[in-house]
Amino acid sequence: MRITFNGAAQVVTGSCHFVETGGVKFLLDCGLFQGSEELEDLNPKFTFDPKEVDFVILSHGHLDHCGRLPYLVKRGFRGKIYATSGTIDISRLILMDAAQVQEEQLKTVNRRRLREGKKRRELLYTLDDVFDTFNHFKPCEYHKWYQVGPVKFRFLDAGHILCSETVELEVEGKRVVFSGDIGNRGKPLIRDPETPPKADVVIMETTYANRKHKSFKESVEEFKEAILSTFERGGVVLIPTFALERAQDILYILKKMYEKEELPPCKVFLDSPLAISVTKTFRRHPECLEERVLKELEQKGDIFDFPYLEFTRRVEDSKKINDYRGRAIIIAGNGMCTGGRILHHLKHRAWDERNSIIFVGYQAEGTTGRQIVEGAKKIKVFNETIAVKLKVYTINGFSSHADQPQLLDWVKSAAGKNSRVILVHGEKPVMEQFVPLVENGVDVTPVMPELYSSITV
Ligand SMILES: [Zn+2]
């Protein structure tokens, strides 16, 4: 069996591993490179011919795992894409949004590239390619074995986002485990990651292999205090958030605060059409929810709705929020303030010291979110300079990714001293800190393949 790493190799995005075994060729994920122009420039490159790929196994609906599927289809892929039905529903929403965003941004991106003397970027795919991709999806259930040619596989719950999967495969008499993204334990809505079986080959993510998260409970307390002190100042709370999982976690936490009467009367706006659609997807996939949440859904009919909550899908309704003067929490995309409706809210609220912004997710270098976290006094929003006087809070414990101790527990279950351990989906310096821990814990030296390199196992 030969694995060629077409993404997420010594970086965290672009997850795409090309496997050749027993006369078949398949992909584990087919995700988009994101985060910098250098990485995005890699998106058109595959080491294989998409026409020769027999099938794809998809671990979850984040763009860095599913975002190149329409490009694969556009380049001639004709096989099936296997995933849980929840992952398929989420991928549909995420891919439609991605195609629209790419099309909207292409003109601006190319104007800038030409000024910098760089080559014009081609559109990776259109909405039509996304719709073509939908025909290839094949829904699978957790724990049920599927056979495609000589490859047997089944999905375990990765506990990362709704309906995410860890993949267990039987190939050439060997057991292979592909972690997908491993979830953070104790999240409010979905189950914890399942314990993986012992495998001969372990391909695992290492996003946060160098850090320890604050506990979820502690983070909820910090979050509550940030909201309450903003209201005491007579301010409004802005929460920039990712549309998938984080937005729903936040809604659920706010609902619980409301039920315990910890939240004073205030409006909660979910101002993101994509987050609203994803929230509805949660209601359609009770099979992926934590038992306690499932019971609540059965008893009350809903897990998110509470009297203060308002969904603002239409642009006119979003604009009306600007004039709202009462207590309010505004949840809007995108999570790093590089685009989306949060920019409008920053323009209208960032200059007022009574307000606050609460970051609940990672802020990558170079983003407006990171500038604010690092104490910028002014930011550029739509070419206008805006003073940053609002209070800034950062809550670190809401991550969807396992931290170092959790990753170590995971690999101790999956690997024995005769296993091959392959680290992916992590920055090289981060993985280097994890290697000695695996050596001590499992008695195996893991490898960190380079981008486009191959390993024969
Ligand atoms: Zn993910």
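The rules behind these values
Residues numbered from 1 in each chain as written. Predicted model: local features only at pLDDT ≥ 70, side-chain atom pairs only at ≥ 80, totals over all residues. Domains from an automatic or database assignment. Contact = placed C-beta atoms within 7 Å. Nonpolar A, V, L, I, M, F, W, Y, C, P; charged D, E, K, R; others polar. Helix = DSSP H or I, 4+ residues; strand = E, 2+ residues; numbered from the N terminus. Core = buried A, V, L, I, M, F, W, Y, C linked by C-beta atoms within 7 Å. Buried ≥ 20, exposed ≤ 12 C-beta atoms within 10 Å, placed from the backbone. Pairing = 2+ DSSP bridges. Axes fitted to C-alpha atoms, helices over the stretch in contact; angles between N-to-C directions. Expected span 1.5 Å × (residues − 1). Bend = angle between axes of the 7 residues up to and from the residue.

A few words on the domain arrangement of the chain. Parsing the chain into structural domains produces domain 1 (2–211 + 400–456) and domain 2 (216–394). Placing a centre on the C-alpha atoms of domain 1 and another on those of domain 2 gives a separation of 28 Å. With 19 residues of domain 1 at the interface, the matching set in domain 2 holds 19 residues. Partitioning the side of domain 1 that touches domain 2 into residue classes produces nine nonpolar, six polar and four charged.

So, on to the environment of Ile182. Looking at the element boundaries, Ile182 is found in the loop between strand S10 (174–178) and strand S11 (201–205). The sequence separation of Ile182 and Met336 amounts to 154 residues, and the corresponding C-alpha distance is 22 Å. If near-sequence neighbours (up to four positions away) are discounted, Ile182 is found in contact with Ala158, His160, Pro193, Glu205, His401, Ala402, Leu407 and Trp410.

This next bit is on the nonpolar core. Counting 122 residues, the largest nonpolar core has Val56, Val202, Ile330 and Val411 as its most contacted members. The residues that make up this core include at least three from each of domain 1 (2–211 + 400–456) and domain 2 (216–394).

The subject of this paragraph is the sheet that holds S11. Ordered by their spatial adjacency, six strands build an open sheet running S7-S8-S9-S10-S11-S20, and the pairing between neighbours is mixed. With partners counted over all chains shown, the strands left at the sheet margins are strand S7 (146–148) and strand S20 (420–424), one partner each. Sheet twist, expressed as the mean angle between neighbouring strand axes with direction ignored, is 20°. One ladder, built from five bridges, connects strand S9 (residues 165–171) with S10; its direction is antiparallel. By the bridge assignment for S10, Leu169 is matched with Val176.

A word on the sheet that holds strand S1 (residues 2–5). Taken in spatial order, the seven strands make up an open sheet running S6-S5-S4-S3-S2-S1-S21, and their pairing is mixed. The sheet is open, and its two borders are formed by strand S6 (137–140) and strand S21 (454–456), each paired with just one other strand. Direction aside, neighbouring strands of the sheet carry axes that sit 25° apart on average.

Turning our attention to the pairing of strand S8 (residues 151–157). When a strand is regular, its side chains alternate between the sheet's two faces. When you tally the buried positions in S8, you get five out of seven residues, the bulk of the element. The hairpin formed by S7 and S8 contains two residues between the paired strands, and Gly149 there has a positive phi angle of roughly 55°. The pairing of S8 with S9 spans six bridges and is antiparallel. Paired with Phe155 across the two strands is Val167, which belongs to S9.

With 15 residues, helix H14 (residues 428–442) extends 20 Å between its outermost C-alpha atoms, agreeing within 8% with the 21 Å of an ideal straight helix rising 1.5 Å per residue. The largest bend along H14 measures about 25° and falls at Phe434, with the proline Pro436 one to four residues further on. Within the sequence span of H14, burial applies to Met431, Phe434, Val438 and Val442. Contact partners of the buried residues in H14: helix H13 (404–414) and S20. Looking one or two residues past H14, Asp443 carries a phi angle of roughly 70°, positive in sign.

Quick look at helix H7 (residues 246–259) now. In a regular helix each residue adds 1.5 Å, so 14 residues correspond to 20 Å; H7 covers 20 Å between its end C-alpha atoms and thus fits that length. Of all the 14 residues making up H7, 10 are buried; the element is thus mostly covered by neighbouring parts of the structure. Every buried residue of H7 is accounted for by Arg246, Ala247, Gln248, Asp249, Ile250, Leu251, Tyr252, Ile253, Leu254 and Lys255. The inward-facing, buried residues of H7 abut helix H6 (216–232), strand S12 (237–240), strand S13 (267–271), helix H8 (273–284) and strand S15 (328–332). One or two residues past the end of H7 sits Glu261, with phi positive at roughly 60°.

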